[in-house]
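Architecture at a glance
The lines below spell out each chain.
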Amino acid sequence: MTARTVAKALPVWFVATAALFTASISSAAGQPENGAPAVSFNEYRVNQPRFTLPFYLFNGHILIDGAVNGRVGKFMFDTGTEFPFFLNNHFLSLARDQLVFQGHAGSGQEMVIYRQNAPVASIEIAGQIRFENTPGLLHADWSFLEQAYTPHFLGSIGHGFNRNYLFVIDYEAQTITFHALDQDEGVPAGVIDPARVVTTLAFTPVGVDGKMPEVELQIGDETITAFFDTGSHGTLELTEPMQKALEERGYLSLAVSEHTYGTYEKHTRGTLTGLRHGARALHDARKLDFKTGSSNRLGLGYHFLKNYISVWDYRRRTLTLLRP
């Protein structure tokens, strides 16, 4: 995919958000340049035991009302971003005091990431949550996203924030409910209705700070590594032998599309049927951005998660899928 137009670039950033900067800036972002300890993720916990954030769905992405330093806009809720907040310096007035990383986004745009020395005075989320004098936040120019999504794009809310909570995503109701937990507390009563549980996935946290839940799923006699990311529509990479085996057995179908999310851009989409977690059948994985590669990896995002209410618990390393 090229970066010829703004809209054509969008799916690459959101679908591949986990891979954009991780390898290049994890060390620089994790520790300030003076060697002092990084800001504790626990500083992004609030005193409320429970709160619910309503969201908008736009092209399968989660947008939440918010404000930074009093400037109102919308955040993207993206579990594949390791930072608590990754701000947009094209919309927000932020000092470019420290150059953290310079490179390119997956869709080709030049990306320069900065950190300002002074704390961000205020961050508000959905009129409910407020942080004051927040230090160490990273920011970049996301103007190419403003033009197609919202001109008031504040940036993303990521793993550095949500890892402190057990949270429940309901795509039908368009809400995320957060439960603040101590290390030794159990799952709050009423969060998981046993009668609605499809399966509970015990995951391995991979990526920077364990941001990405990774599990092994089955398709017929084959096993594939799957990961979950709310910033993704869904992706699929297969080796040629695995692609051939799944197609021959009727588990994989591929189709070339002439357009994607409002643009004319040819690409290959895949559908996987027969997915299982042990003996538990799972929903088909559809509209997967497909490529042939050197590994077998399935990225499950909006098009899969929308079929469930999902309960994300990084403390216990479980992702529970509930029937709506």
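Our subject is the structure listed above.
Let me begin by describing the structure that accompanies this report. (Residues numbered from 1 in each chain as written. Predicted model: local features only at pLDDT ≥ 70, side-chain atom pairs only at ≥ 80, totals over all residues. Heavy atoms only, no water.)

1. Concerning the nonpolar core
Nonpolar side chains in soluble globular proteins tend to end up buried together. If you look at the biggest cluster of nonpolar residues, it comprises 61 residues, and the most contacted ones within it are Phe 85, Ile 125, Phe 161 and Leu 298. By size, the runner-up hydrophobic cluster in this structure holds 14 residues, among which are Leu 138, Ala 140, Phe 144 and Leu 145. (Core = buried A, V, L, I, M, F, W, Y, C linked by side-chain atoms within 4.5 Å. Buried < 20%, exposed > 50% of the residue type's maximum accessible area, 1.4 Å probe, protein only.)

2. Some remarks on the packing of aromatic side chains
Applying the stated criterion across every chain, the model contains 25 aromatic pairs. Ring geometry for Phe 161 and Phe 178: centres 5.7 Å apart, planes at 70°, overall edge-to-face. One end of the pair, Phe 161, is in helix α4 (residues 159-162); the other, Phe 178, is in strand β13 (residues 175-180), and 17 residues separate them in sequence. For Phe 161, a relative accessible area of 1% gives the class buried. Ring geometry for Phe 228 and Phe 304: centres 6.3 Å apart, planes at 55°, overall tilted. Taken as a pair, Phe 228 in strand β17 (residues 222-228) and Phe 304 in helix α6 (residues 302-305) lie far apart in primary sequence, 76 residues in all. For Phe 304, a relative accessible area of 2% corresponds to the buried category. The aromatic ring of Phe 91 is capped on one face by Arg 71, whose charged end is 4.0 Å from the ring centroid. (Phe/Tyr/Trp six-rings, centres within 6.5 Å; stacked < 30°, edge-to-face > 60°. Helix = DSSP H or I, 4+ residues; strand = E, 2+ residues; numbered from the N terminus. Lys NZ or Arg CZ within 6 Å of the ring centre and 35° of its normal.)

3. A few points about the environment of Met 212
Structurally, Met 212 can be placed in strand β16 (residues 212-219). Once the C-alpha coordinates of Met 212 and Tyr 314 are considered, the two residues, 102 residues apart in sequence, prove to be 9.6 Å apart.

4. Here we look at helix α5 (residues 240-248)
Turn by turn, an α-helix covers 3.6 residues, leaving residues three or four places apart pointing in a common direction. Those residues of α5 that sit buried are Met 242, Gln 243, Ala 245 and Leu 246. Axial view of α5: buried residues confined to an arc of 165°, hence all on one face. Looking at α5, the residues exposed on the side facing more than 90 degrees away from the buried face are Glu 240, Pro 241, Lys 244 and Glu 248. On its buried side, α5 packs onto β16, β17, β18 (234-238), β19 (252-257), β20 (267-272) and β23 (285-292). Positive phi shows up at Gly 250, right after α5, with a value of about 80°. (Arc of directions from axis to C-beta. Contact = heavy atoms within 4.5 Å.)

5. Notes on unusual backbone geometry
In this model, Asn 59 sits at a positive phi of 50°, which is unusual for a non-glycine residue. Turning to its location among the elements, Asn 59 is positioned in the loop between β2 (56-58) and β3 (61-68). Judged by its relative accessible area of 31%, Asn 59 falls in the partly exposed class. You will see that Asn 133, though not glycine, has its phi angle at about 55°, which is positive.

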